[in-house]
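Topology and contacts: notes
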Amino acid sequence: VYQPPAKKITVKKVLLIALPIILVAGGISLALFLRHRSIERKEESLKSHMESGQEYLRYDNYVKASEDYKEAKKLADGLKKKKESKEADLYERLAEQILLADDAMKGETYQKAQDLYLKAKDLSLESGNVGKQYIEAQLKQTRDYIDVFDLIQMGQQKEENGEITGALKAYREARDKAASLYFS
């Protein structure tokens, strides 16, 4: 019976087999480590944005809060964290709603501002009454402005109808209410 001669296992052969295995295992390990580190950094950034957004909301800085929550939502979506994404979206919508209402107030469209503040109040209730005091103060101010304009309009109508004393009374009320708004 023929038996082939025993081949020697050389160091070169062992290295040729082991080296690719070690390199592949090292590459996979490095890729997993880098992915894990990237996920950790994104989670830390998400937590940071959520906390700073909450802080900005607490101090009524809705511009910065909106920016932070927008970034937090992007990160949460990337990390596939639905709870955090939903929370960030809710707070971002609240901040955006308040900013829209503030812009309407600056543009002196008080009825629109009041409607937007009412929507913001609903969002505030959903998010645990965040910004409730600010929203209620702004709602009161818009109601007061609307009342002043209603009094002026009532005075104009009475003046057109020839009721001068009623018109003067309405104008005085409007003036006094406007003055109290201006100096408050």
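Keep in mind that this is a model prediction, so the values were computed, not measured. In this numbering scheme, every chain counts its residues from 1 along its sequence in written order. Only residues with pLDDT of at least 70 get local features here, since the model is predicted, and only at 80 or more are side-chain atom pairs given and counted; chain-wide, interface and lining totals rely on the full set of residues. Hydrogens and waters are ignored; side-chain quantities use all the structure's heavy atoms.

Brief notes about the side chain of Thr142
Locating Thr142 in the fold gives a position in helix H5 (residues 132-160). Classification of residues uses two cut-offs on accessible area relative to the type maximum, computed with a 1.4 Å probe and protein chains only: under 20% is buried, over 50% is exposed, and between them is partly exposed. For Thr142, a relative accessible area of 0% corresponds to the buried category. By the convention used here, residues are in contact when the closest approach between their heavy atoms is within 4.5 Å. Aside from chain neighbours lying at most four places away, what touches Thr142 is Met105, Tyr110, Ala113, Gln114 and Tyr117. Runs of H or I in DSSP of at least four residues are treated as helices and runs of E of at least two as strands, each being numbered from the N terminus.

Points about unusual backbone geometry
Of note in this structure, Asp60 is not a glycine but carries a positive phi near 60°. Mapped onto the elements, Asp60 comes out in the loop between helix H1 (11-58) and helix H2 (62-79). Under the relative-accessibility criterion, Asp60 is labelled partly exposed at 36%. Despite not being glycine, Asn129 shows a phi value in the positive range, around 65°. Positionally, Asn129 belongs in the loop between helix H4 (110-126) and H5. Since its relative accessible area comes to 38%, Asn129 is described here as partly exposed.

Structural notes on a nonpolar patch on the surface
Patch definition: residues with relative accessible area over 30% and no salt bridge; like charges joined within 9 Å; nonpolar side chains (Val, Leu, Ile, Met, Phe, Trp, Tyr) joined within 5 Å. Computed with the Shrake-Rupley method and a 1.4 Å probe, the accessible areas treat only the protein chains shown as cover for residues. The salt bridge criterion pairs a side-chain nitrogen of Lys or Arg with a carboxyl oxygen of Asp or Glu, the two atoms within 4 Å. Residues Val24, Ile28 and Leu32 make up a contiguous nonpolar surface patch of about 300 Å² in total accessible area. By secondary structure assignment, the location of Val24 is in helix H1.

Things to note about the nonpolar core
The biggest cluster of nonpolar side chains holds 30 residues, and the ones touching the most others in it are Leu46, Leu57, Tyr69, Leu94, Tyr117 and Ile135. Those elements that place two or more of their residues in this core are H1, H2, helix H3 (82-106), H4 and H5. The element contributing the most residues to this core is H3, with 10 residues. With residues near it in sequence (within four places) discarded, Tyr69 still touches Met50, Gly53, Gln54, Leu57, Ala88, Tyr91 and Glu92. The term nonpolar core refers to a set of buried residues drawn from Ala, Val, Leu, Ile, Met, Phe, Trp, Tyr and Cys, joined through side-chain atoms within 4.5 Å.

Some thoughts on H5
Spanning 29 residues, H5 covers 42 Å between terminal C-alpha atoms, matching the ideal 42 Å at 1.5 Å per step. Listed in full, the buried residues belonging to H5 are Ile135, Gln138, Leu139, Thr142, Asp144, Ile146, Val148, Leu151 and Gly155. Turning to H5, the residues buried within the fold contact H3, H4 and helix H6 (164-182). Downstream of H5 by one or two residues, Gly162 has phi in the positive range, about 90°. To estimate how far a helix should extend, the number of its residues minus one is multiplied by 1.5 Å.

A closer look at the side chain of Ser124
On the secondary structure map, Ser124 appears in helix H4. On the basis of relative accessibility, which here comes to 1%, the residue Ser124 falls in the buried class. Among the polar contacts listed, one links the side chain of Ser124 to the backbone oxygen of Val130, at a separation of 2.7 Å. For this analysis, a polar contact is any N or O atom pair within 3.5 Å, provided that within protein one partner can donate a hydrogen and the other can accept it, and provided that sequence-adjacent residues contribute only side-chain to side-chain pairs.

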